[in-house]
Amino acid sequence: MKVVILAGGMGTRLSEETILRPKPMVEIGGKPILWHIMKIYAAHGIKEFIIALGYKGEMIKEYFLNFYAFNKDISVDLGSGETTIHDGKQHEDWKVHLVDTGLHTQTGGRLKQLKKWIGENETFLFTYGDGVSDVDIQATIKFHKSHGKLATVTSVLPPSRFGRLVFDHDHIVDFKEKPHGEEGWINGGFYVLEPKAIDYINGDETVWERDPILQLTRDSQLMGYRHDRFWSCMDTLKEKNYLEELWQSSKAPWKVW
């Protein structure tokens, strides 16, 4: 099973960090948050990733092209030009596809561009490059397979500044974009999707969280897997510092590996 990760946005609300690098490359504990997200999936046996690039995507390409040089000790012989990467404990058996989806493409447009990378009848996973959680990925897949609909979204319970999901049992019957002063289940990402869900996206200008999600909801094709433990995005410097504090205190709930 493949994971699509959106890593192309500009991260304007985290401009202190993202003026020089894309948000997924902002570090927690000395590692890009993108690495943390991939480690979550890999811990559940999902190790093939399709990463949608945009803003400063060349930095993400450079990171993976030099992954072991960045993450292991190296020796460089300046006389001969020979470089030796020394073996260490960390070894990732991941397959990573890095796909440029455009600088200004919206979230839905990025996903639509990646359709050719996904099998015609292949259930796949989909998430954002700025959120971490201790969600049970295999449980979300099992839940998705059990209901037979096109889309499952992991629903979480953080502050009300996010969009709100309204449930009827496990069916999502309404999707309210960032209501003010309300609390409830919200979109936490970590989707499980069927390829036909991509057909709800019109083009590059489509925001996945708007028309496609609303139409899936109207068609009774969106189900919610409720996760009531840890979830956090990294939209602001305050949230970045919060995640860093958790990591440094060895209390990072998303570290499931």
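Brief notes about helix α6 (residues 137-147)
I137, T140, I141, F143, H144 and H147 are the residues of α6 that are buried. Projected onto a plane normal to the axis of α6, the buried residues spread over an arc of 160 degrees and lie on a single side. Pointing more than 90 degrees away from the buried face of α6 are the exposed residues K142, K145 and S146. Packed against the buried residues of α6 are α2 (33-43), β8 (124-128), β10 (151-156), β14 (191-193) and β15 (222-226). Where α6 starts, the residue carrying a side-chain oxygen 3.2 Å from the main-chain nitrogen of Q138 turns out to be D136. Looking one or two places after α6, you find G148, whose phi comes out positive at around 75 degrees.

A word on the nonpolar core
Counting 45 residues, the largest nonpolar core has Y41, I137 and W254 as its most contacted members. Counting only elements with at least two residues in this core, the list comes to β1 (2-7), α2, β4 (48-53), α3 (57-65), α6, β15, β16 (231-233) and α8 (237-248). Of the residues forming this core, the biggest block, eight residues, is contributed by α2. The residues contacting Y41, other than those within four sequence positions of it, are V3, I46, F49, L125, F126, T127, I137 and F190.

Considerations on α3
Of all the residues in α3, the buried ones are G57, I60, Y63 and F64. Axial view of α3: buried residues confined to an arc of 115 degrees, hence all on one face. When the buried face of α3 is taken as reference, the exposed residues oriented beyond 90 degrees from it are E58 and L65. At its buried positions, α3 is contacted by β1, β3 (31-32), α2, β4, α4 (67-71) and β7 (95-100).

Comments concerning the side chain of T18
Structurally, T18 can be placed in helix α1 (residues 15-18). T18 gets classed as buried once you look at its relative accessible area, which sits at 3%. Ignoring sequence-local partners within four residues, the contact set of T18 consists of M10, G11, K23, V26 and Y55.

Here's the deal with the pattern of salt bridges
Counted by the stated rule, this structure contains 10 salt bridges. We note a salt bridge from E92 to K39, for which the minimum N-O separation is 3.2 Å. Of the two residues, E92 sits in the loop between β6 (83-85) and β7 while K39 sits in helix α2, which places them 53 residues apart along the sequence. Residue K39 is classed as buried on the basis of its relative accessible area, which comes to 14%. Residues D199 and K115 are paired through a salt bridge, measuring 2.7 Å at the closest nitrogen-oxygen approach.

Definitions and cut-offs
- Residues numbered from 1 in each chain as written.
- Predicted model: local features only at pLDDT ≥ 70, side-chain atom pairs only at ≥ 80, totals over all residues.
- Heavy atoms only, no water.
- Buried < 20%, exposed > 50% of the residue type's maximum accessible area, 1.4 Å probe, protein only.
- Helix = DSSP H or I, 4+ residues; strand = E, 2+ residues; numbered from the N terminus.
- Arc of directions from axis to C-beta.
- Contact = heavy atoms within 4.5 Å.
- Polar contact = N/O pair within 3.5 Å; in protein donor to acceptor, adjacent residues only side chain to side chain.
- Core = buried A, V, L, I, M, F, W, Y, C linked by side-chain atoms within 4.5 Å.
- Salt bridge = Lys/Arg side-chain N within 4 Å of Asp/Glu carboxyl O.

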